[in-house]
Amino acid sequence: MTAVPLDSFRAELERLRADAESALSAATDDTAIEVARVEFLGARSGRLKAIQKSLGGLAGADKPAGGKQFNEAKNAITASFEAARNRVLSSSGLQSESAIDVTLPGSPVRLGHLHPLTRTIRRVQEIMGRLGFESVDGPEVEDQWHNFEALAIPAEHPARDPLDNFYLAVARGADPLLLRSQTSTVQIRVMENRDPPLRIVSLGRVYRPDTADATHYPMFHQVEGLLVEPGITMAHLKSVLRLFASSFLGGDVHVRFRPSFFPFTEPSVEVDMEWGGRWVEMGGAGMVDPAVLEAVGYDPDTVSGFAFGLGVERIAARRYGVDDIRDFYRNDVRFLRQF
Ligand code: DAH
């Protein structure tokens, strides 16, 4: 048997390629494309398959070149076929690459949510709002008057120690500002600008140079509450705190006062809350000291008031069962996702 000459093999391939191209470019619908596919690329009786068989008839030395030519032709026809199919699909309104199957389930949109501390702050504002307390803000950079002096914390008081506060550098001789160490500053700012009766809460950041551990952080949040009007007593203070605690934690919570001292309240107490069998200290409270009322121009003989300051991280940790407050600031989504 004489070998098939390489030239005629190539001519055969070329013809096939031209035929395929013209059939595919003339095709305007799925059916025509399918007919062309079977004719040229069909696995059993397609014309390409037939030529592939004739590869065996080439002379041994021609086989590598023939095989290469065959592959080129096959790739070219396959590419023309894909192009024709895309053309028909896009003209029928469907893009093969980005076809949208409207019957598939949608991909879920991942929604974020509020940080647990923000949620706690909003919840406190909501509960206290229902008790008639308006939510107000104060600056985080404060002067000595609002952070200390008006709150009856005199110059020599250890709470003013530079080691316990973030003082800001200022011109020599000027009274240094500081990052507020407590939200009690807002009591003063509000009383200076308004007359009693007053019911406010203020929630925000405070700063102290503490080493971070499970219960301390150089920045944390406080809730400050203040109520001033004629005839206010410790009984009102305790009722408000108990109402707050049972709304925030649950009906079975207990509130306990322990005698304490704060320069701006007299008498002063530590506020503990018991919930789920454990007492936790939540902050301080007391009756606004007459010296503070005088400092803002109120008459201590006609009005009295109570104030309290609670740690937002503490009540959030208690509420959500968090045992290390640093977790609130790590921004680890595995932690945050749980709320
Ligand atoms: N400002 C106090 C602190 O940071 C907490 C506090 C105690 C606030 C007694 C008050 C209060 O309003 O009456 O430790």
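Conventions used here
- Numbering of residues starts from 1 in every chain and runs along the sequence as written.
- Reporting of local features is limited, given that this is a predicted model, to residues whose pLDDT is at least 70; pairs of side-chain atoms are given and counted only at 80 or more, and all residues count toward the totals for whole chains, interfaces and linings.
- Side-chain metrics in this entry use all non-hydrogen atoms of the structure; hydrogen atoms and water are not considered.
- Each patch is built from residues that are more than 30% exposed by relative accessible area and take part in no salt bridge. Like charges join if they lie within 9 Å; nonpolar side chains (Val, Leu, Ile, Met, Phe, Trp, Tyr) join within 5 Å.
- Areas reported here follow the Shrake-Rupley algorithm with a probe of radius 1.4 Å; residue values treat only the protein chains shown as occluding.
- Note on definitions: salt bridges are taken to be side-chain nitrogens of Lys or Arg within 4 Å of carboxyl oxygens of Asp or Glu.
- Positive: Lys, Arg. Negative: Asp, Glu. His and the chain ends are not part of the count.
- Charged groups are reduced to one reference atom each: NZ for lysine, CZ for arginine, CG for aspartic acid, CD for glutamic acid.
- Secondary structure elements are defined from DSSP: runs of H or I of at least 4 residues count as helices, runs of E of at least 2 residues count as strands, and each element is numbered from the N terminus.
- Buried means the residue's accessible area, taken with a 1.4 Å probe over protein chains only, is under 20% of the maximum for its type, while exposed means over 50%, and partly exposed covers the values in between.

A.B. asks: So what exactly am I meant to see when it comes to a negative patch on the surface here?
C.D. replies: A cluster of acidic residues, Asp161, Asp164, Asp210 and Asp213, forms a negative patch on the protein surface. Within the secondary structure layout, Asp161 lies in the loop between helix 6 (144–147) and strand 3 (178–179). A relative accessible area of 31% places Asp161 in the partly exposed class.

A.B. asks: Hey, could you run me through unusual backbone geometry in this one?
C.D. replies: Most peptide bonds take the trans configuration, and most residues that are not glycine carry a negative phi. Residue Pro197 is bonded to the preceding Pro196 through a cis peptide linkage, with omega at 5°. Within the element layout of this structure, Pro197 appears in the loop between helix 7 (185–193) and strand 4 (198–207). Each neighbour pair has its own omega, and for Glu266 with Pro267 the value is -5°, a cis peptide bond. With respect to the helices and strands, Pro267 occurs in strand 7 (residues 265–275). Phi is positive for Ala152, which is not a glycine, with a value near 60°. Relative to the helices and strands, Ala152 resides in the loop between helix 6 and strand 3. What makes Ala152 partly exposed here is its relative accessible area of 28%.

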